[in-house]
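# Structural overview
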Amino acid sequence: MKQNKIYLLIIILIGTFLLSCERDEICIDEVTPHLTIRFYDNDDPETKKSVNGLIVVSEINGILDTIKISPKDSISLPLNVYDTQTTYILTKKIDEISNEDKLIVTYEVENVFVGRSCGYKSIFKNVDYTLEDVNNDDLWIKSKEQITEHIENENNAHLKIFH
Amino acid sequence: MKTMHILKYFINTVFLLCFSISFSQGIGSQKKDTIYKNKYGLRVGIDLYNPIYTLIDDDRKGLELVGDYRISKKFFVAAELGYLENTTDEDFINFTTNGQYIKAGLDYNAYENWLDMENMIYVGFRYGYSNFSQTLNTFTVNNDYFFHSLEQIENGQKFDNLNAHWAEFVLGIKAEIFNNLYLGFSFSGKKMISSKQPENFKNLFVPGFNRVFLNNSGFGINYTLSYLIPLYKKAK
């Protein structure tokens, strides 16, 4: 009887051990948000309109690199967390001719702690957008509308572009 | 790292089983003809886990003094006092925790000794308190790979005057290997009660508590070598 009691205790002891080998925490929380742009029809501002042959490039250390080629009516782009601005060149194909427009995004970066497995994320405050023409061929982007002042999550779009 | 942990638990379990065999020899043949007296006194010792850990992993340095005082046949007042410096390396953060801790509580010896043996299989509880600092050595902003920006930021930010209160449940064994010299092993499950958190960071490791899991729980193991300073003997 007494022997059983002791064995029971030992089993509990070992059991507690095995249970305490908890699984590694995996990063499932939201980290640094992307800039989400949604494209709308300039003639009908309520209707989403995809951009024909959209290509987005950005500059890293002086070299242009393609971020995304997207036929959809919305796009999410990474912002450079080690700088206070990111420049994109958005290219639209109009009658087989590429029209490039430059979008300059300026912001303040704030690093926020998320958790053990995710580390820190950046959020972007006081975001501002500037459009510039490239190659003097007029802007294909007719107008823009800023939805949020800060980019803190990816729940909603941050910028509307009309074309 | 993961295999080391698995190995650690394996070795622990084997160690534990060795103990259980040596204990079980004494069971089942009790005679009440002679009254054996129990030794009462102050038992002091050190924890062997941290010094051994330091040998294989330089990221952890610490010292813990343990002590208990027998108040009755079954009950012991127990306390631990320690210092720990530990560096935690995660995917996106690397930080060093530095501080001291104290634990105090009660142990109950559930083991019925044979003859005049003084072994223990015990359960206990502790209240723990620690004050410490956290130094964020480096961190990486978890962001899009596009900007090749998974570079580490040297931070070195120090968060001082942090503290934590917690409760512990202890299961352990102590065996008298030589006269008055004890070798012990214990496992503790911990639950955080309250903790003063740093700003824009979190107490992911607390001295004496060890790694703080998501549900504010933790666990620890101790190997102790202790010496009983016998003060008097009593039949009960």
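Definitions and cut-offs
- Residues numbered from 1 in each chain as written.
- Chains lettered and ligands numbered in written order.
- Predicted model: local features only at pLDDT ≥ 70, side-chain atom pairs only at ≥ 80, totals over all residues.
- Helix = DSSP H or I, 4+ residues; strand = E, 2+ residues; numbered from the N terminus.
- Buried ≥ 20, exposed ≤ 12 C-beta atoms within 10 Å, placed from the backbone.
- Contact = placed C-beta atoms within 7 Å.
- Pairing = 2+ DSSP bridges.
- Axes fitted to C-alpha atoms, helices over the stretch in contact; angles between N-to-C directions.
- Core = buried A, V, L, I, M, F, W, Y, C linked by C-beta atoms within 7 Å.
- pLDDT = per-residue confidence, 0-100.

For the rest of this paragraph, the subject is the overall build of chain A. On a plain count of helices and strands, chain A comes out with one helix and nine strands. For chain A, the succession of helices and strands along the chain, N to C, is α-β-β-β-β-β-β-β-β-β. For chain A, the proportion of its 163 residues judged to be buried stands at 23%.

Let us now look at the overall build of chain B. When helices and strands are counted, chain B shows two helices and ten strands. Traced from its N-terminal end to its C-terminal end, chain B shows the element sequence α-β-α-β-β-β-β-β-β-β-β-β. Burial analysis of chain B (236 residues in total) assigns 31% to the buried set. Within chain B, counting contacts between residues at least 6 apart in sequence, those at least 24 apart form 63% of the total.

Residue and element names in this part refer to chain B. Strand order around the closed barrel formed by eight strands is β1-β2-β3-β4-β5-β6-β7-β10, with antiparallel pairing between neighbours. Adjacent strand axes in the sheet meet at a mean angle of 25° when their direction is disregarded. Pairing between strand β7 (residues 181–195) and strand β10 (residues 217–234): eleven bridges, direction antiparallel. Each residue of the ladder has a partner; that of Y182, found in β10, is S226. Against the sheet, helix α2 (residues 49–56) engages β1 (38–47), β2 (60–70) and β10, with an angle of about 165° to β2.

Pairing of β1 of chain B with β10 of chain B, which is carried by ten bridges, proceeds in the antiparallel orientation. Following the sheet pairing, R43 of chain B is matched in β10 of chain B by L228 of chain B.

With that settled, the discussion passes to unusual backbone geometry. Comment: phi is negative for the bulk of residues other than glycine, and the bulk of peptide bonds are trans. Non-glycine residue N126 of chain A carries a positive phi angle of around 45°. Turning to its location among the elements, N126 of chain A is positioned in strand β7 (residues 119–133). Owing to 9 C-beta atoms within 10 Å, N126 of chain A belongs among the exposed residues under this scheme. Although it is not a glycine, N161 of chain B adopts a positive phi angle of roughly 55°. Along the chain, the position of N161 of chain B falls in strand β6 (residues 153–178). We classify N161 of chain B as exposed; it has 9 C-beta atoms within 10 Å.

Quick look at the sheet that holds strand β1 (residues 35–40) of chain A now. Residue and element names in this part refer to chain A. Taken in spatial order, the four strands line up as β4-β1-β9-β8 in an open sheet, and their pairing is mixed. Two strands in the sheet have a free side with no partner beyond their single neighbour: β4 (74–77) and β8 (143–146). Adjacent strand axes in the sheet meet at a mean angle of 25° when their direction is disregarded. Sheet topology note: the β1/strand β9 (residues 159–162) ladder contains four bridges and is parallel. Residue pairing for β9: Y40 is matched across the bridge by F162.

Residues and elements named next belong to chain A. Across the two faces of β4 the burial differs, with I75 and L77 buried and S74 and S76 not buried at all. Inspection of the sheet shows β1 paired to β4 by four bridges, in the antiparallel sense. Each bridged residue has a counterpart across the sheet, and for I37 the counterpart in β4 is I75.

So, on to the nonpolar core. Nonpolar side chains in soluble globular proteins generally cluster together in the buried interior. Core analysis: the biggest nonpolar cluster contains 29 residues, and L35, I37, L77, L79 and I161 of chain A have the highest contact counts within it. Looking at this core, the elements with two or more residues in it are β1, β4, β5 (85–94), β6 (97–115), β7 and β9 of chain A together with β4 (93–109) and β5 (120–139) of chain B. Looking at which element gives the most residues to this core, the answer is β1 of chain A, with four residues. Apart from the residues lying within four places of it in its own chain, the contact partners of L35 of chain A are S76, L77, L79, V105, I151, H158 and L159 of chain A. Core analysis: the next-biggest nonpolar cluster, separate from the first, contains seven residues, F132, A164, F209 and V212 of chain B among them.

Looking now at the confidence of the model for chain B. All names here are of chain B. For chain B, mean pLDDT is 85; residues scoring 70 or higher make up 83% of the total. Predicted confidence is poor over residues 23–27, with pLDDT under 50, and the contacts of this stretch with residues over four places away or in other chains come to eight contacts. The complex prediction reports pTM at 0.78, with the ipTM value standing at 0.75.

The next thing to look at is the environment of T32 of chain A. Within the secondary structure, T32 of chain A sits in the loop between α1 (2–19) and β1. Counting along the chain gives 38 residues from T32 of chain A to S70 of chain A, while the straight-line C-alpha distance between them is 21 Å.

This part covers the environment of L106 of chain B. All names here are of chain B. Within the secondary structure, L106 sits in strand β4. For the pair L106 and L231, spaced 125 residues apart in sequence, the C-alpha separation works out to 20 Å. Contacts of L106, omitting those with residues within four sequence positions, involve F75, V77, A78, G124 and F125.

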